[in-house]
Amino acid sequence: MQEQFRSDPFYYKVYGDYAMFTDPVTKAGGEKYTYQVPTCQALKGITEQIYWKPTLHYFIDAVKVVKKIQTETKGIRTPLKNGSNDLDYYTYLRDVEYLVKFHFEWNPNRTELEMDRNPIKHEQILLRSISKGGRRDIFLGTRECVGYVERIRADEFESASTAYDGEKISFGIMFHSFDYPDEAIMPEENKLISNFTDITMTNGRIDFIRPEECQIHHKLRNYSIKSYTNENVKSVDEEFQSIPEEGYR
């Protein structure tokens, strides 16, 4: 059996004034309450805002929570169908900073994009994109929470101190990620699956397991996926030529 390609690890810092990594338990009533730490899925979403291609499957390896966890509750006026509005309360994280370690693998379910699997060019595009702060706007969980990305090196990640050095904190079972049919390691035909697992932070660092290793998997609903061809996806060669050379390592 051919060994699956795995890229070198990449690192970035992401920070902002507010973040909302919504606990799904709090969604039903209109109020929203954030988890205390970012979910694996939220960090994967931020990484995809930096550089996304269907050829790549990102895996978040670890995150460091640099600053003390603080929350702030705001009253939000949300419009109703009858033209009036209602007052809901959203609880956000305030003044956040995270250091993220991740890698990518080829998406095994996108065999139609095998011609796009050039590891050196994808790695260089990714480094350039991190150095530029991402290719799309960065949001920390929700659109109203703007984030900023900066490139860091491996030694900066490993040596960074956090507000939780010397502590071990268990957050219990948390939402980990979604399995979309085109990225699932063990795909069920056209099913969206949510994954949950125990999350523990040691010295401010959370090491994430892979989605297929999570303890709990829920089938949510049918989910259709888009097909890609040479006609609707830009090749890695074109991508490589389209961005400046700054960011080379």
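Above this text you will find the structure in question.
Let me begin by describing the structure that accompanies this report. (Residues numbered from 1 in each chain as written. Predicted model: local features only at pLDDT ≥ 70, side-chain atom pairs only at ≥ 80, totals over all residues. Heavy atoms only, no water.)

1. Focus: the overall build of the protein chain
Next up, step 1: Counting its secondary structure elements, the protein chain contains four helices and 10 strands.
Next up, step 2: Order of helices (α) and strands (β) in the protein chain, N terminus to C terminus: β-β-α-β-β-β-α-β-α-β-β-β-β-α.
Next up, step 3: At 19 Å, the protein chain has a C-alpha radius of gyration in line with the 18 Å of a compact globule built from 249 residues.
Next up, step 4: Within the protein chain, contacts between residues separated by at least 24 positions form 74% of all contacts whose residues are at least 6 apart in sequence.
Next up, step 5: On the protein chain, roughly 13200 Å² of surface is accessible, and the fraction owed to carbon and sulfur atoms is 46%.
Next up, step 6: Seen as two clouds, the 33 positive and the 40 negative side-chain charges of the protein chain have centres 3 Å apart. (Helix = DSSP H or I, 4+ residues; strand = E, 2+ residues; numbered from the N terminus. Rg over C-alpha atoms; globule rule 2.2 N^0.38 Å. Contact = heavy atoms within 4.5 Å. Areas by Shrake-Rupley, 256 points an atom, 1.4 Å probe, with all protein chains shown as cover. Lys, Arg positive; Asp, Glu negative; His and termini not counted. Charge placed at Lys NZ, Arg CZ, Asp CG, Glu CD.)

2. Some words on the pattern of salt bridges
Next up, step 1: In total, this model carries 13 salt bridges according to the counting rule given.
Next up, step 2: Close ionic contact of glutamate 150 with lysine 13 constitutes a salt bridge, the shortest N to O distance being 3.5 Å. Taken together, the positions of glutamate 150 in strand E6 (residues 148-151) and lysine 13 in strand E1 (residues 10-19) put the pair 137 residues apart, joining distant regions of the chain.
Next up, step 3: Between arginine 210 and glutamate 212 there is a salt bridge, with the nearest N and O atoms lying 2.7 Å from each other.
Next up, step 4: In this structure arginine 210 comes out as partly exposed when scored by relative accessible area, which is 22%.
Next up, step 5: Judged by its relative accessible area of 24%, glutamate 212 is partly exposed.
Next up, step 6: What emerges from the salt-bridge pattern is a single network uniting Glu105, Arg210 and Glu212. (Salt bridge = Lys/Arg side-chain N within 4 Å of Asp/Glu carboxyl O. Buried < 20%, exposed > 50% of the residue type's maximum accessible area, 1.4 Å probe, protein only.)

3. Observations concerning the side chain of threonine 197
Next up, step 1: Examined against the element boundaries, threonine 197 turns out to sit in strand E8 (residues 191-202).
Next up, step 2: Judged by its relative accessible area of 4%, threonine 197 falls in the buried class.
Next up, step 3: At a separation of 2.6 Å, a polar atom in the side chain of threonine 197 contacts the side chain of glutamine 215. (Polar contact = N/O pair within 3.5 Å; in protein donor to acceptor, adjacent residues only side chain to side chain.)

4. Topic: the packing of aromatic side chains
Next up, step 1: Under the definition given, this model contains 16 aromatic pairs.
Next up, step 2: Centroid distance tyrosine 15 to tyrosine 148: 5.7 Å. Interplanar angle 35°. Geometry classified as tilted. Within this pair, whereas tyrosine 15 is found in strand E1, its partner tyrosine 148 is found in strand E6, the two being separated by 133 residues in sequence.
Next up, step 3: Given a relative accessible area of 27%, tyrosine 15 falls into the partly exposed group. (Phe/Tyr/Trp six-rings, centres within 6.5 Å; stacked < 30°, edge-to-face > 60°.)

5. Topic: the environment of aspartate 137
Next up, step 1: Tracing the chain through its elements places aspartate 137 in the loop between helix H2 (119-131) and E6.
Next up, step 2: Sequence spacing of aspartate 137 and isoleucine 50 is 87 residues, and the spatial spacing of their C-alpha atoms is 8.3 Å.

6. Structural notes on the nonpolar core
Next up, step 1: Counting 48 residues, the largest nonpolar core has Tyr12, Val14, Phe102 and Leu126 as the members making the most contacts within it.
Next up, step 2: Elements supplying a minimum of two residues to this core: E1, helix H1 (40-50), strand E3 (56-65), strand E5 (85-106), H2, strand E7 (168-179), E8 and helix H4 (236-242).
Next up, step 3: In terms of residue count, E5 provides more of this core than any other element does, nine residues in total.
Next up, step 4: Grouped together as the second largest cluster of nonpolar side chains are six residues, Ala62, Val66, Leu99 and Phe157 included. (Core = buried A, V, L, I, M, F, W, Y, C linked by side-chain atoms within 4.5 Å.)

7. Some details on the layout of surface pockets
Next up, step 1: Here the largest pocket is characterised by a volume of approximately 840 Å³.
Next up, step 2: As for the largest pocket, its lining consists of 34 residues, of which Gln41, Ala42, Gly45, Phe178 and Tyr180 are closest to the centre.
Next up, step 3: Taken together, the elements giving at least two residues each to the lining of the largest pocket come down to H1 and E7.
Next up, step 4: For the lining of the largest pocket, the element with the highest residue contribution is H1, accounting for seven residues.
Next up, step 5: In the lining of the largest pocket, the residues fall into 16 nonpolar, nine polar and nine charged. (1 Å grid on protein atoms, 1.4 Å probe; cavity = no way out; pocket = protein on both sides within 12 Å on 5 of 7 lines; lining within 4 Å. Points joined across faces, edges and corners; volume = space filled by probe spheres on them. Nonpolar A, V, L, I, M, F, W, Y, C, P; charged D, E, K, R; others polar.)

8. A few points about unusual backbone geometry
Next up, step 1: Backbone geometry at aspartate 95 places phi at a positive 55°, although glycine is not the residue there.
Next up, step 2: Looking at the element boundaries, aspartate 95 is found in strand E5.
Next up, step 3: Exposure remark for aspartate 95: the relative accessible area of 30% places this residue in the partly exposed category.
Next up, step 4: In this structure, asparagine 203 takes a positive phi of about 55° despite not being glycine.

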